[in-house]
Each structure stands twice: as C-alpha cells, then as structure tokens.
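# Descriptive structure summary
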Amino acid sequence: MGVLEIAKGMGVTLGKLFQKPVTVSYPEQRATLQPRFRGRHVLTRHPGTGLEKCIGCSLCAAACPAYAIYVEAAENDPAAPVSPGERYAKVYEINMLRCIFCGMCEEACPTGAVVMGNEFEMADYRYRDFVYAKEDMLVGVTGSVPQRREADRKGKPVRLGFQLEGQPRAELEGVKYP
C-alpha cells in the first residue's frame, strides 16, 4: 500500500468529518421510510364489502423460501361468507422469526390479499408473539403484537416509529398510517 492510497483514504475521512451526520434519534424521532419498504405483512379486505381477499389457496406458503407461512383452508358458508370464493383461510399464520421479508408471498397471491406493509418494529422477548395469526395481520390492526401489548399496558395508543416519504403503495389502500 502506497502513500498515495493512504492520502486518498484520509481525504475521504476528512471530507466526511465536516459534513452533518445523518443520525436519527430513534425512537424520539420517527424514521423516514420509502413507500416501497417491505415490512410487516398485511391481509387486505375488499373495499365496500369488507370480505377478506384471502381465499385459502396456499400459494403464498408454497412460494415462501423460508417456509414461514402456514395456511389452513375451510369451506365458505354461503349464508355468512368470509371471503368471496368457495373457500377462505381458516388459519393463516406467519412465523416472523423465519420470514426473510423477500416479498415472494405478495407476488404469488392471485387475489392481492397478502401485502408487505411499512411497519418494522416487531422485536419481542416471547417466541409465541412472533407467530402472527390472521387476526394480527388484517387491515385495520395497527402495530405489532408487542407494540399493542405495551400500549395496552400503558393505556396509550400505539405509536409507530416511522413516517412515510410520499404516498403509500396502491396495494396498501385502506391501511392507515400516521
């Protein structure tokens, strides 16, 4: 290694020394996310009717390279349908410890039921809270399981630690973010 290479490296270091740091004081300041960020899974509903879009086809589970998704389908009751098809997802679970947030489940879904949302705060101490059930992922549920548990304990609303830069993706229609 020559003196010229060391001087170039030191020049870069000195140039960065006088620039403003990009550190965010998290969680006091919210992190700014891009709209295409892939975070916690969201199960969407049909606008207007409110029926679940998931028809229990298990294509998301088949496409998942980490085998993190479990779907158990059941026959839809014509008198009180859960989804518009013949079947619906009776059990829909995602093990967040196995999930690699690749988005393959979102691409494989023929109805657009599975969408990667923008929430990223999912840390917890309990293993059972990392297995998200259908009730934890449906549209309208704000925050992860640990966030909701902590908010209930303190008697305060769930505070998300991010803000979106720009408009959310079209697939996230109906998902309310601050």
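All residue numbers refer to positions counted from 1 along the written sequence of the respective chain. In view of the model being predicted, local features appear only for residues whose pLDDT reaches at least 70, and side-chain atom pairs are presented and counted only at 80 or more, with totals across whole chains, interfaces and linings using the full set of residues. With hydrogens and water stripped out, all remaining heavy atoms of the structure feed into the side-chain values.

In plain terms, the rule: UniProt positions are given in the numbering used here, feature names are shortened, and annotations may be inferred rather than shown by experiment.
In the nomenclature of an unreviewed UniProt entry, the protein chain is known as NADH-quinone oxidoreductase subunit I of Deinococcus soli. Quoted verbatim from the Catalytic activity (unreviewed entry) field of the UniProt record, the comment on the protein chain reads "a quinone + NADH + 5 H(+)(in) = a quinol + NAD(+) + 4 H(+)(out)".

### Some remarks on the UniProt feature "binding site: [4Fe-4S] cluster 1" (unreviewed entry) in the protein chain
Where we set the bar: In this description a helix means any DSSP run of H or I spanning at least four residues, a strand means any run of E spanning at least two, and both kinds are numbered starting from the N terminus.
UniProt records the feature "binding site: [4Fe-4S] cluster 1" (unreviewed entry) for Cys54, Cys57, Cys60 and Cys109 in the present numbering. Spanning 56 residues, the annotated positions come together in the fold, the maximum distance between their C-alpha atoms being 10.2 Å. As for its placement among the helices and strands, cysteine 54 is situated in the loop between strand E2 (41-43) and helix H2 (59-63).

### Regarding the UniProt feature "binding site: [4Fe-4S] cluster 2" (unreviewed entry) in the protein chain
Worth spelling out the cut-off: Throughout, a contact is declared for two residues whenever any of their heavy atoms are within 4.5 Å.
Those residues carrying the UniProt feature "binding site: [4Fe-4S] cluster 2" (unreviewed entry) are Cys64, Cys99, Cys102 and Cys105 in this numbering. These annotated residues cover 42 residues of sequence, but their C-alpha atoms sit close together, with the largest distance between any two at 10.3 Å. Considering the arrangement of structural elements, one finds cysteine 64 in the loop between H2 and strand E3 (69-75). Counting through the fold element by element, cysteine 105 comes out in helix H3 (residues 104-108). The contacts of cysteine 105, once residues within four sequence positions are left out, are His41, Cys60, Ile69, Val114 and Met116.

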